[in-house]
Amino acid sequence: MNSNPMYMEYVDDADPQPAPRRRGWRILGWVCVGLSAVMVAGSLTAYGLYRSAMGNISHEDVNSAIGPNRPKKLNSAMNILLLGSDTRAGANASYGRSMKNEPPRSDTMILLHLSPGGSQAMGISFPRDLIVHIPPCKTHAGGMSPDQPKAQINSAFTIGGAACVMKTIEGLSDIRIDHFMQVDFTGFKAITSAVGGVPVCLPKDVNDPKSKLHLTRGRHVIKGSTALAYVRVRHGLGDGSDLDRIKRQQKFMGALANKAMSAGVLSNPTKLIPLMSAATKSLTTDKELTPQVMLKIAQGMQGMTSGKLRFVTAPNGPDPSDPNRVVLTSAAQPFFSAVRNDKTVPTESKSAAPKIPPDQVRVRVYNGSGIDGQAGRVASDLEAQGFQVTVGGNAPKTTATKVLYGSGADQQAQTLTALIPSNPAPTARTTGATPGVVDLVVGSNWTALKNAKGGIPKQQGEIRANDDICKGA
C-alpha cells in the first residue's frame, strides 16, 4: 500500500491484506443519504417530525474557513456539495478498526445543482483521481496548507475538510457553492432498507469474495449488506476503473431517488420515519443550511419528477503525465459556464426568439475541427434539442465554425446560429447546397451548444433517475 497519506486508495486498489475489514466501504450511498435528506425535508412538518429529525444534524462553519474571494452568484439556482467521509469515529469504527485514528478521506464528491424554479436537478461527479489545483486551505490544526498547483482532488478533504473541497471546486469551476452536506457510511444500509430496496441490473453473474457480492445476471432489488456490496464492488463488474464505478453508482443513486419519489416513501410516515432517522444521524452540513433553509429547498423541489434528475461526470480525460489519473478536458469550462448561467426558463422576450423552432430545422453536420468523432458528438447534441440532423462527413480543417444554408433556409440558419457561442454569421452556400438544409461546419473553436430552453445542455453519458436500470448494463 502506498505510504503517502495524500495518495488515496480504495480497498480494491490496495495490496492484499489478511484483515477482513478494508477500505472499500467508501460508497456513493452516503451521498444518497444527503440527497434523501434534502428531498424529504418538506414532508417532515406534515407529520410533526421536523424538529426532532433535524436536531440530529451536525453543523460546521465553512464560510469563514473558505474566505471572502469566492465566485459571484449569477442566478437563483442552488448548488449543494455532497461529500462522503470515511471517518472511523464512533459507530463507523466497525468498518475498519485499524484505521480509527487515520484522517478522514472523501472519494465521493458530487455537486448537486438545483435549477432555478426547482423543476430540474443535476448531480455532477468529480472523480477521486482528478488532478486539479488545490489552493491554500485552513487545515484541521488551524494553519494554512501550501498552494498545490497539481494534486489529486480527493486529498482536499484530508487537508481541510469540506471547506477545502468547496474552495477547490469553486476555483476550478467558478461556480458558487451555497451549501454542503457530508455523510458517513453507517446509515447506508438503513437507507436502502427504508425505501424497500433499490432496483439494479447486472450484465453478468457476480461472485466476488472481496465485496461478498453474489448475484445472478439480470434484475434484482437489493438492500442492506447486499446493496453495500454492490456499490463497493470493483473487480467483479465493469472494467475496474474509478470512472466505471462512478457510472454504476450514479445509476444506483438515480434508482434510489426514483424509488423514493415514486413509491410513496415521501408521503408514508411508516416508511419516512426510518429513512429520515438514518439520514439525519449521519449528516453534517454548513451552519447556514438550517432546517428552515432545507424546508425551503424541499418545497421548491416539490414539482420535480425523477425524469428531471440527471447525473453526469465533470468532463475529463487521461492525464498526459500519468495514465492512472485524469484531468479536466476542454469541454469542462463550457459545461461549468452552462451550470453557472443556468436559467432553465428563458429570459428572452418572445420577439427575440427564433421564428423557426428547432424541430423544423434540417441540419447537416461536417467535421472541420480535426478531432475524430466531433461531428457525431455535435449531431447528438443537436438532436437532443430537437433538430433534424444528418452527418455529412469531414470538411477541410478550419478554426472558425461556419453556418451555411441552402435556398429557403436562411431563417432556419438563424435558429441554429443563436445556439452557437461563437455566433458565426450565416452565409448562403454557393456550391453543394441542398434547398431547405443548413450546413454546420464544426471548427476547432467549437466549445458547446447553448440550450434552446435556457438550461444545461445534455451531456455525453448522462444518466437520468428514471432511466431503464438495464440500459447500458
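Please read these numbers as outputs of a predicted model, since none were measured by experiment. (Residues numbered from 1 in each chain as written. Predicted model: local features only at pLDDT ≥ 70, side-chain atom pairs only at ≥ 80, totals over all residues. Heavy atoms only, no water.)

## Examining the overall build of the protein chain
Thought 1: Looking only at helices and strands, the protein chain has 12 helices and 21 strands in total.
Thought 2: Sequence-distant contacts in the protein chain: of pairs separated by 6 or more residues, those separated by 24 or more amount to 72%.
Thought 3: Roughly 20,700 Å² of accessible area belongs to the protein chain as shown, and the carbon and sulfur atoms make up 51% of that amount. (Helix = DSSP H or I, 4+ residues; strand = E, 2+ residues; numbered from the N terminus. Contact = heavy atoms within 4.5 Å. Areas by Shrake-Rupley, 256 points an atom, 1.4 Å probe, with all protein chains shown as cover.)

## Some points on the nonpolar core
Thought 1: Of all hydrophobic cores here, the largest spans 37 residues; its most connected members are Leu81, Ile124 and Phe126.
Thought 2: Those elements that place two or more of their residues in this core are β2 (78–84), β3 (108–114), β4 (121–125), β5 (131–134), α4 (155–173) and α10 (332–340).
Thought 3: With 10 residues, the single largest contributor to this core is α4.
Thought 4: With near-sequence residues (within four places) excluded, Leu81 lies in contact with Ile110, Leu111, Val165, Met166, Ile169, Ile177, His179, Phe180 and Met181. (Core = buried A, V, L, I, M, F, W, Y, C linked by side-chain atoms within 4.5 Å. Buried < 20%, exposed > 50% of the residue type's maximum accessible area, 1.4 Å probe, protein only.)

## Quick word on the environment of Ile153
Thought 1: Its location among the elements puts Ile153 in the loop between β6 (148–152) and α4.
Thought 2: The spacing of Ile153 and Ile134 is 19 residues in sequence and 7.3 Å in space, taken between C-alpha atoms.
Thought 3: Among all residues touching Ile153, those that are not within four sequence positions of it are Met109, Phe126, Pro127, Arg128, Leu130, Val132, Thr168, Ile169 and Leu172.

## Details of the sheet that holds β3
Thought 1: The 8 strands lie next to each other as β1-β12-β7-β2-β3-β4-β13-β21, forming an open sheet whose pairing is mixed. Looking at the sheet topology across the chains shown, the edges are occupied by β1 (58–60) and β21 (463–464).
Thought 2: By the bridge criterion, 2 bridges tie strand β13 (residues 309–313) to β21 in an arrangement that is antiparallel. Paired with Arg310 across the strands is Arg464, a residue of β21. (Pairing = 2+ DSSP bridges.)

## Looking at the sheet that holds strand β18 (residues 402–405)
Strands pair in a sheet through their backbones, by hydrogen bonds, and they do so in one of two ways: parallel or antiparallel.
Thought 1: Spatial strand order, β17-β16-β20-β18-β19: 5 strands in an open sheet with mixed pairing. Every interior strand has two partners, whereas the edge strands, β17 (388–394) and β19 (427–428), have only one.
Thought 2: Taken together, the 2 bridges between β18 and β19 define a ladder with parallel strand orientation. Bridge pairing in β19 links Leu404 to Thr427.
Thought 3: Running over the sheet, helix α11 (residues 374–384) touches β16 (362–367), β17 and β20 (437–442) and is turned about 155° from β16.
Thought 4: Contacts from helix α12 (residues 410–417) reach β16, β18 and β20, with the element oriented near 160° to β18. (Axes fitted to C-alpha atoms, helices over the stretch in contact; angles between N-to-C directions.)

## Quick notes on the state of the cysteines
Covalent bonding between the sulfur atoms of two cysteines defines a disulfide.
Thought 1: Enumeration over the complete set of coordinates arrives at 2 disulfides.
Thought 2: At a sulfur-sulfur separation of 2.2 Å, the disulfide partner of Cys137 is Cys164. Residues Cys137 and Cys164 are joined by a disulfide whose S-S torsion is about 75°; by sign, that bridge is right-handed. Linking Cys137 in the loop between β5 and β6 with Cys164 in helix α4, this pair joins segments that are 27 residues apart in sequence. No difference in accessibility class separates Cys137 from Cys164, as the two residues are buried.
Thought 3: Note that Cys201 is cross-linked by a disulfide to Cys470, the S-S spacing being 2.0 Å. Its S-S torsion of approximately 95° makes the covalent link between Cys201 and Cys470 right-handed. (Disulfide = S-S within 2.5 Å.)

## Here's the deal with the pairing of β17
Thought 1: Strand direction decides the pairing type here: β16 and β17, joined by 6 bridges, are parallel. Considered in β17, the bridge of Val365 is made with Val391.
Thought 2: In this fold, β16 hands off to α11, which returns the chain to β17; that crossover is right-handed. (Right-handed = clockwise from strand over helix to strand, strands pointing away.)

## Overview of α11
Given 3.6 residues per helical turn, the α-helix brings residues three or four places apart onto the same face.
Thought 1: By the burial criterion, the buried members of α11 are Gln374, Ala375, Val378, Ala379 and Leu382. Down the axis of α11, the buried side of the element spans an arc of 130°, and every buried residue falls inside it.
Thought 2: Tucked into the core, α11 has its buried residues touching β16, β17, α12 and β20.
Thought 3: Count one or two residues on from α11 and you reach Gly386, which has phi positive near 105°. (Arc of directions from axis to C-beta.)

## A few points about the environment of Pro457
Thought 1: Here Pro457 lies in the loop between β20 and β21.
Thought 2: Pro457 sits in the buried class, given a relative accessible area of 13%.
Thought 3: Expressed as a C-alpha distance, the spacing of Pro457 and Leu382, which sit 75 residues apart in the sequence, is 9.6 Å.

## Quick look at α10
Thought 1: Of all 9 residues in α10, 7 are buried; the element is thus mostly enclosed.
Thought 2: The elements touched by buried residues of α10 are β2, β3, β4, α4, β13 and β15 (322–328).

So far we have only geometry, and geometry alone does not tell us how the molecule works.
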